[in-house]
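Chain residues, written in single-letter form:
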Amino acid sequence: MFEALGSKVLSGIISLSMFLFSSYTGNDPSLKQLSGSMNGSSFHVHTTLENAFTNDFPDVFKSGVTIPIYFNVQVKNGKTIHYNRTHRTSVFFDPMDGVYLVQQTGNGSSNSYSSYRTMIQAISAFECSIPVDGNWGSVNVSIEAYLSTVHFKQINRKVDLMVLWKYNRPQISGTFTLKRVY
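Okay, so let's go over this structure.

About the cut-offs
Residues numbered from 1 in each chain as written. Predicted model: local features only at pLDDT ≥ 70, side-chain atom pairs only at ≥ 80, totals over all residues. Heavy atoms only, no water. Helix = DSSP H or I, 4+ residues; strand = E, 2+ residues; numbered from the N terminus. Buried < 20%, exposed > 50% of the residue type's maximum accessible area, 1.4 Å probe, protein only.

Some words on unusual backbone geometry
Positive phi, close to 55 degrees, is recorded for Gln 33, a residue that is not glycine. Counting through the fold element by element, Gln 33 comes out in strand β1 (residues 30-39). Looking at Gln 33, the relative accessible area reads 56%, which means it is exposed. Phi is positive for Tyr 167, close to 60 degrees, though the residue is something other than glycine.

Right under this line is the structure:
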């Protein structure tokens, strides 16, 4: 059992090292399909990251390091900002069980996935609920996604993961009319 685990960890270190010390292929991520709906006194917003986690990401996610993805959500009417919050989605690969552990603050969920494809679908779909105070009327909702710098203990090196997105922060915005539903 320890031999199998050691083999998995060693292969993860080797593939991560090859990624970090070789040329990489960046992605061209974008946010698509911004939608929103009222439910009582909450506004639910949803969007999807596309083309964000291909190329070198399988090695990054299997590195044994928690990989955070951030979504900054801002709701404003003119110059008045009603809501400005950054939500975090984090992915950690557990080599013992062969599953990806995903936590999402936007919708408050925590799940595990054995399939890479299913995990990517889950972390690419962003949703959050925003409490609406009174009738805000017409608001502009903007969402921006970004990655951070992560320290890989195996190689004792910090890597700005935005290099994998060619330093582009995908953004999307839309206008919605918000009225509380009683």
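From this point, the discussion proceeds with the structure in view.
What to know about the environment of Ala 125
Note on placement: Ala 125 falls in strand β7 (residues 125-131). For Ala 125, a relative accessible area of 25% translates into the label partly exposed. Distance from Ala 125 to Leu 49, taken between C-alpha atoms, is 6.4 Å for residues 76 residues apart in sequence.

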